[in-house]
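Architecture at a glance
The residues making up each chain are set out below.
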Amino acid sequence: MLGVCYYPEHWSRDVWADDAARMFAMGIRYVRIGEFAWSRLEPRPGEMHLGWLREALDVLGAAGLKVVLGTPTATPPKWLIDQHPDILPVDEKGAVRGFGSRRHTSFSAPVWLEQSRRIVEILAREFGLHPAIAGWQTDNEYGCHSTVLSYGPHDLAAFRLWLERRYGSIAALNEAWGNVFWSMELNAFSEVSLPCGAVTETNPAARLDFWRFSSDQVAAYDLMQIEIIRAHAPGRFITHNFMGFFHEFDHFKLGENLDFASWDSYPLGFVERFPFSEAERRRWAETSHPDVAPLHHDLYRGVGRGRFWVMEQQPGPVNWAPWNPIPRPGQIRLFTFEALAHGAEVVSYFRWRQASFAQEQMHAGLNLPDNSGLSPGGQEATQVGAELARLGPLPASAKADVALVFDYASSWMTRIQPQGQDFNYSELTFRWYEAARRLGLDVDIVPPGASLSGYKLVLVPSLLHVSDAAAAAFAAAAGDVLWGPRSGSKTRDFSIAASLPPGPLQELVPVRVLEVASLRPGLSLGVEGEVSGAVERWREHVVAADPADIRARFADGQAALVSKGNRHYLAGWPDAALVKSLLAAMAAKAGLGTLTLPDDVRIRHRGPWGFAFNYGTQDFTLPVDESRILLGSRNLPPSGVTVWQR
Ligand code: GAL
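First, a word on scope: everything that follows refers to the structure included in this document. What you see is a predicted model; the values in this text were computed from it and never measured.

What to know about the sheet that holds strand 4 (residues 133-137)
Judged by pairing direction, the sheet is parallel, and its nine strands sit side by side in the order 5-4-3-2-1-9-8-7-6 without closing on themselves. Every interior strand has two partners, whereas the edge strands, strand 5 (237-239) and strand 6 (241-242), have only one. One ladder, built from three bridges, connects strand 1 (residues 2-5) with strand 9 (residues 347-349); its direction is parallel. Across the sheet, residue Gly3 finds its bridge partner in strand 9, namely Ser348. Sitting on the sheet, helix 13 (residues 331-341) touches strand 1, strand 8 (308-313) and strand 9, and the angle it makes with strand 9 is about 150°.

As structure tokens, this is what we get:
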């Protein structure tokens, strides 16, 4: 169940066999290699040097390791860019983003698509049947370094074609976008421009379509690689390594073509990146917040249709956050078990050895840069390897009782039209997820439109456009469903819902939203009734068709929570107290057993096994019979892990 990321091209051949033997001895069985090696595979146009890679595969395979081979398309070499500079992406201001790091490509440049096909085909033909290769990783972290949206001439040409296919006529596009406004009407698709560089805000419908188009380009690019690999590497899996808190393209869509999803887990780095308060950042600096990595495990299990790996696990301090603390002793082990508890099939550390050169020299590995020994993270990984060997195979994950509907388009729409500067979709979903986890609940994260059957409680923090498929899934859900602010507020074309928000959800909860207010920091409004707390950032003036459906009211008497049977609409952004009270009430109503955990302890179940994790500084006594414990003890120390049979 353990893996590691390895760069044979960074080290002398003399150490490969020793590295491989030490990996195996630690309990590592998977090694990902190759994803940035283009300049060594093809140093000059057409001059292929594949021998070293074959040798590396042979050495790793001979040691008993299974290889995940990455396609090297995140790093086209200098000669290729010099030959075809129009591969380069363009930023919103029109500046070309140049060579010198990675991901310097536009998903719409025809010559880039051709070159990608060429290199993937060469590798798939050459190594498709190599016995050491268990599977393939397409590219590396699509979209990293803000590379999904590109604003160059190739992007424009491809966008126009996409629009033409979607709308058929320019009249239909004008209508859908509302181009009569400010005289934005167009006479032909060739007049469409990219939604950037204007005097003020460009049309939100145009921006949403540009985002959808860009997301489709990523999925099409990935599918192109997948088809080539499948043709030459039968029986091998294909995955892609996604990122954390990253919504720039629809991951569910891309996941449909993969055998499973993978993601790159850097829990400490993400604490610096997520909009936590300063106090939270300080508090969680060395452990991470207890829901940061788990949210992504649950998301990517959904993207991978039940299957996921952690392809890159933080092994120590990273190099890329504003501050990069050392994880508290025990945390690397904790992160590994936390991933496994959420159903990860493999947890693969990034990277085997710290590089002493180039951009990531300050990023830890499992081994020190001089190869004199294991880093502290490497020692913890060794401990995990031994513990997993003792535990034996882990049981399969079961479906959770709670589903959280996560929607990439809602993330785009709230960024395109925030209306309140701090209406951050990522934060809203995170806070709802956190509240569910603090009650000891397991959560599945699913896309809108997915079947909701079998879930006792469905959480929809916000879903701006409710498609027909999503509406049908909500109507068919047997459990309780709770929708948050702005749900159903927009049409597919980014107009206000014809019957007023929440649009099609009015069939399920008879309310209409007449006005909305965003609230600047410091402004909030109390909520009292069956749930209590306050709203901040956002509130709505809603009218319930039947006042008897109002379950909680704002301090000014207006409806805050309206329920019809087991369908509930919340008219604002809940503060910490309200989200807690709301989730507890919903869980009770749905008949779910809950716990009251301290805010730094979490529990997660993998089939019949329970796992507990302590992100705090105090011991915690678990309400578990000592005789059922498989790993650890009832007393859960800081950074501790306990596993038991339920
Ligand atoms: C990931 C990336 C790796 C490496 C790592 C450093 O985002 O896939 O190549 O850069 O971050 O933390």
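So, next bit.
Comments concerning the packing of aromatic side chains
Two measures describe an aromatic ring pair: the distance that separates the ring centres and the angle between the ring planes. Taken as a whole and judged by the stated rule, the model has 43 aromatic pairs. Measuring from ring centre to ring centre gives 5.3 Å for Phe159 and Phe213, while their planes differ by 50°; the resulting arrangement is tilted. On the criterion of sequence distance, the pair formed by Phe159 in helix 6 (residues 153-167) and Phe213 in helix 8 (residues 204-232) is long-range, its members being 54 residues apart. Taken individually, Phe159 and Phe213 each receive the classification buried, so the pair is uniform in this respect. When the centroid spacing of 5.3 Å and the interplanar angle of 85° are considered together, the rings of Phe423 and Trp573 count as edge-to-face. Taken together, the residues Phe423 in the loop between helix 15 (408-416) and helix 16 (425-438) and Trp573 in strand 20 (residues 572-574) connect sequence positions 150 residues apart.

A word on the environment of Arg40
Relative to the assigned elements, Arg40 resides in helix 2 (residues 38-41). Between the C-alpha atom of Arg40 and that of Leu53, which follows or precedes it by 13 residues, the distance is 9.2 Å. Ignoring anything within four residues of it in the chain, the contact list for Arg40 reads Glu9, His49 and Trp52.

What counts and what doesn't
Residues numbered from 1 in each chain as written. Predicted model: local features only at pLDDT ≥ 70, side-chain atom pairs only at ≥ 80, totals over all residues. Heavy atoms only, no water. Pairing = 2+ DSSP bridges. Helix = DSSP H or I, 4+ residues; strand = E, 2+ residues; numbered from the N terminus. Contact = heavy atoms within 4.5 Å. Axes fitted to C-alpha atoms, helices over the stretch in contact; angles between N-to-C directions. Phe/Tyr/Trp six-rings, centres within 6.5 Å; stacked < 30°, edge-to-face > 60°. Buried < 20%, exposed > 50% of the residue type's maximum accessible area, 1.4 Å probe, protein only.

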